[in-house]
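Summary of the model geometry
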Amino acid sequence: MTAALPDLVRIPPGEFWMGENMDDKFANDTERPRHLVRFESGFFLGRTPVTVGEYRCFQPDHAPGEPHDWPVVNINWLEAKAFCRWLSSKTGRSFRLPSESEWEYAARAASENPYPWGNTIWPDNANYLYTEQGVKIGAGHRTPVNMFPPNAFGAFDLHGNVCEWTEDLWHPDYQGAPSDGSTWQTGGRSAQRVLRGGAWDYLPRLLRSSWRDALPETTKRDNVGFRVAADLWT
């Protein structure tokens, strides 16, 4: 990756309803109010989360012994931003983290269901650990990217495997949220950044398209990674 672009998917322009799905018993106030977001132009998004192998191009000594095709973890938000700056300098393109609304728009892939494939989730859809009844059904660890089917936009692993950092500051609800797909950087909790997607050790409810959480931007965890985004170029 030192000279080549990462594998990207082009997300088309459009609009979607961001936030809770109607009649979703797992929705909560952090996903409200449901609101319309419009994208006047599309954008690029990493087809997968950044992998261990890709991250080692930036930090060669990261996670020795881990498989190169697993999504990278134990990366805080500041390090994810540093990777984007490094990638931009190496490729001549401007990379960044996705906004929270870009992330959800890409994850839903034109679906209005809790998951892009429908209302329920199964172990062949994504990497997660337990059923809602607490029965262990998952692998119990990260799995290679591209192991599960892509969504309708051609993106992989937006649900499960690892949670993903986004650019936005954390707000406890969507009151006053941008409606144009931009990053929400005003107000909110200083140095708390939004996480999306759910992870390999989560319950299904935490893999829903509308699920959101946050961590301090200096936090590192074994289930948190990231993927890159970029504005379109010709």
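So, here's what we can say about the structure. Keep in mind it's a predicted model, so treat the numbers as computed, not measured.

Helix and strand counts for the protein chain stand at three helices and ten strands. Across the protein chain, helices and strands are ordered from the amino to the carboxyl terminus as β-β-β-β-α-α-β-α-β-β-β-β-β. Over its C-alpha trace the protein chain gives a radius of gyration of 16 Å, about what one expects of a compact globule, namely 17 Å for 234 residues. By residue count, 54% of the 234 residues in the protein chain fall in the buried class. In the protein chain, the proportion of contacts linking residues at least 24 apart, taken out of those at least 6 apart, comes to 71%.

Another point: the side chain of R193. Inspection of the secondary structure puts R193 in strand β7 (residues 189-196). Judged by its relative accessible area of 10%, R193 falls in the buried class. Of the polar contacts made by the side chain of R193, one reaches the side chain of E217; its length is 3.1 Å. Residues in contact with R193, not counting those within four places in the same chain, are W77, W165, T166, E167, D168, L169, Q185, D213, A214, L215 and E217.

A word on the environment of P71. Relative to the helices and strands, P71 is located in the loop between α1 (52-56) and α2 (77-91). Apart from the residues within four sequence positions on either side, P71 is in contact with P49, V50, T51, V52, R142, T143, V145, N161 and V162.

Core analysis: the biggest nonpolar cluster contains 34 residues, and Y55, F83, W165, F226 and V228 have the highest contact counts within it. Contributing elements (two or more residues each) for this core: α1, α2 and β6 (163-170). Considering every element that reaches this core, the biggest residue donor is α2, with six residues. If you look at the next biggest cluster of nonpolar residues, it comprises 19 residues, including I11, Y105, A109 and A229.

Conventions used here
- Residues numbered from 1 in each chain as written.
- Predicted model: local features only at pLDDT ≥ 70, side-chain atom pairs only at ≥ 80, totals over all residues.
- Heavy atoms only, no water.
- Helix = DSSP H or I, 4+ residues; strand = E, 2+ residues; numbered from the N terminus.
- Rg over C-alpha atoms; globule rule 2.2 N^0.38 Å.
- Buried < 20%, exposed > 50% of the residue type's maximum accessible area, 1.4 Å probe, protein only.
- Contact = heavy atoms within 4.5 Å.
- Polar contact = N/O pair within 3.5 Å; in protein donor to acceptor, adjacent residues only side chain to side chain.
- Core = buried A, V, L, I, M, F, W, Y, C linked by side-chain atoms within 4.5 Å.

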